[in-house]
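Residues per chain are reported as follows:
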Amino acid sequence: MAYNLLKGKKGIIFGALDENSIAWKTAQHCKAEGAEIVLTNAPIALRMGAINKLAEEIGAPVIPADVTSDEDIENLFIKSKEHFGGGVDFVLHSIGMSINVRKGIHYTENNYDFTHKGLDISAISLHRVLKIALKHDAINEWGSVVALTYIAAQRIFPDYNDMADGKAMLESIARNFGYHYGVKKNVRINTISQSPTRTTAGSGIKGFNGFIDYAEKMSPLGNATADACADYIVSLFSDLTKMVTMQNLFHDGGFSSTGVTQAVIEQMEKE
Ligand code: NAI
């Protein structure tokens with residue numbers, strides 16, 4: 001059900017790879033709530049072609065940008081300002097990648113070239129996007145920025161590997177830049193800490209099936225879906241959350257506040 005919460009708003013959505021992506025669902029929900037959107041992803045991801053289907057469905061242009069390139073991000077903001085005839089009201093950062101995870105390199109043996117690259121893509125990219133947006137005054141007053149994160153930033157999930165360090169840094173950048181962008185332009189910046197979700201990035205984590213089933217049992221409301229996450233993001237882009245900033249907001253069915261559940265105890269007693 002749509003409420004017209006984003007009527008007249010314009011935004012940039014990073015990270016829609018395929019129809020499982022959290023960014024994909026968010027783009028659909030933002031459109032349904034009345035927003036106009038520019039989609040962006042890394043040129044290599046665009047070559048897979050799936051994003052064109054989404055672009056057509058929601059009537060959005062696609063502007064390629066590798067989030068590790070200043071030049072690409074600069075071009076993205078310049079082009080989207082031209083497209084909209086001004087700045088945007090919201091930005092979704094839905095990007096994550098660890099080469100150490102991809103290559104199955106254990107955390108205790110991480111390759112630092114891969115670590116640097118992973119941090120650049122997954123965390124520093126938020127700083128880069130915000131720095132360049134500020135330079136071009138590309139986010140309107142009272143705009144809203146959301147980045148997606150995971151609870152491995154605070155607690156240990158051994159196979160989350162160096163992505164955990166990346167998420168800790170991402171959350172820190174959201175707080176720090178949230179201060180500066182808030183003071184300068186009243187722009188708010190938050191991270192959403194989402195339940196494990198079956199997507200390309202999520203499924204890259206070793207033992208993901210066990211992981212997702214455990215989280216399901218450990219969450220009083222069950223795991224939050226990508227669709228529910230998209231709804232939450234819409235609320236943060238809307239004018240109903242204007243004073244929420246510099247927060248890490250758990251969207252996890254209660255997982256982060258739960259010590260143990262009856263379902264987990266029963267599972268343990270079976271063994
Ligand atoms: P996804 O694989 O659909 O999205 C990740 C996106 O990052 C892809 O679109 C990919 O093309 C993009 N990307 C990678 N390198 C890039 C680069 N250099 N430049 C620009 N874009 C680049 O997976 P998902 O799950 O939708 O991921 C979105 C966000 O949600 C990520 O930050 C992820 O860590 C986070 N998240 C995911 C969870 C899950 O279990 N799936 C749980 C909690 C957070």
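Predicted, not measured: the structure shown is a model, and the values here were computed from it.

Remarks on the packing of helix H6 (residues 112-135) against helix H7 (residues 163-185)
Phase 1 of the analysis: Close contact between H6 and H7 brings their axes to 8 Å; oriented N to C, the two are set at 10 degrees. Comparing the axis directions of H6 and H7 gives the class roughly parallel. Between H6 and H7, the residues in contact are Leu119, Ser122, Ala123, Ile124, Leu126, His127, Leu130, Lys131, Ala133 and Leu134 and Met163, Asp165, Gly166, Met169, Leu170, Ile173, Ala174, Phe177, Tyr181, Lys184 and Lys185, respectively.
Phase 2 of the analysis: Class assignment of the residues belonging to the contact of H6 with H7 gives a composition of 14 nonpolar, 3 polar and 4 charged.

Overview of the nonpolar core
Phase 1 of the analysis: Formed by 31 residues in total, the largest nonpolar core has its most connected members in Phe14 and Ile139.
Phase 2 of the analysis: Of all elements in the fold, only strand E1 (10-14), helix H4 (70-84), strand E3 (88-93), H6, strand E4 (139-149) and H7 reach the threshold of two or more residues within this core.
Phase 3 of the analysis: It is H6 that provides the largest number of residues to this core, a total of 7 residues.
Phase 4 of the analysis: Non-local contacts of Ile139, meaning those with residues more than four positions away in its chain, are made with Val88, Val91, Leu130, Ala133, Val145, Tyr181 and Val187.

Some details on the site of the ligand
Phase 1 of the analysis: As a matter of local geometry, the ligand sits amid 28 residues, with Gly15, Ser21, Asn41, Thr197 and Thr199 nearest to it.
Phase 2 of the analysis: Side-chain polar atom of Ser21 to an oxygen atom of the ligand: 2.6 Å apart, as the coordinates give it.
Phase 3 of the analysis: Thr199 is positioned with one of its side-chain polar atoms (N or O) 2.4 Å from an oxygen atom of the ligand.
Phase 4 of the analysis: The protein chains hide 93% of the 830 Å² of surface that the ligand would expose on its own.
Phase 5 of the analysis: Counting residues per element, the ones that place at least two in the shell around the ligand are E4, H7 and helix H8 (200-203).
Phase 6 of the analysis: Sorting elements by how many residues they give to the shell around the ligand places H8 first, with 3 residues.
Phase 7 of the analysis: Its residues assigned to classes, the shell around the ligand shows 14 nonpolar, 12 polar and 2 charged.

Criteria and cut-off values
Residues numbered from 1 in each chain as written. Predicted model: local features only at pLDDT ≥ 70, side-chain atom pairs only at ≥ 80, totals over all residues. Heavy atoms only, no water. Axes fitted to C-alpha atoms, helices over the stretch in contact; angles between N-to-C directions. Helix = DSSP H or I, 4+ residues; strand = E, 2+ residues; numbered from the N terminus. Parallel < 35°, antiparallel > 145°, perpendicular 65-115°, else oblique. Contact = heavy atoms within 4.5 Å. Nonpolar A, V, L, I, M, F, W, Y, C, P; charged D, E, K, R; others polar. Core = buried A, V, L, I, M, F, W, Y, C linked by side-chain atoms within 4.5 Å. Buried < 20%, exposed > 50% of the residue type's maximum accessible area, 1.4 Å probe, protein only. Near = heavy atom within 4 Å. Polar contact = N/O pair within 3.5 Å; in protein donor to acceptor, adjacent residues only side chain to side chain. Areas by Shrake-Rupley, 256 points an atom, 1.4 Å probe, with all protein chains shown as cover.

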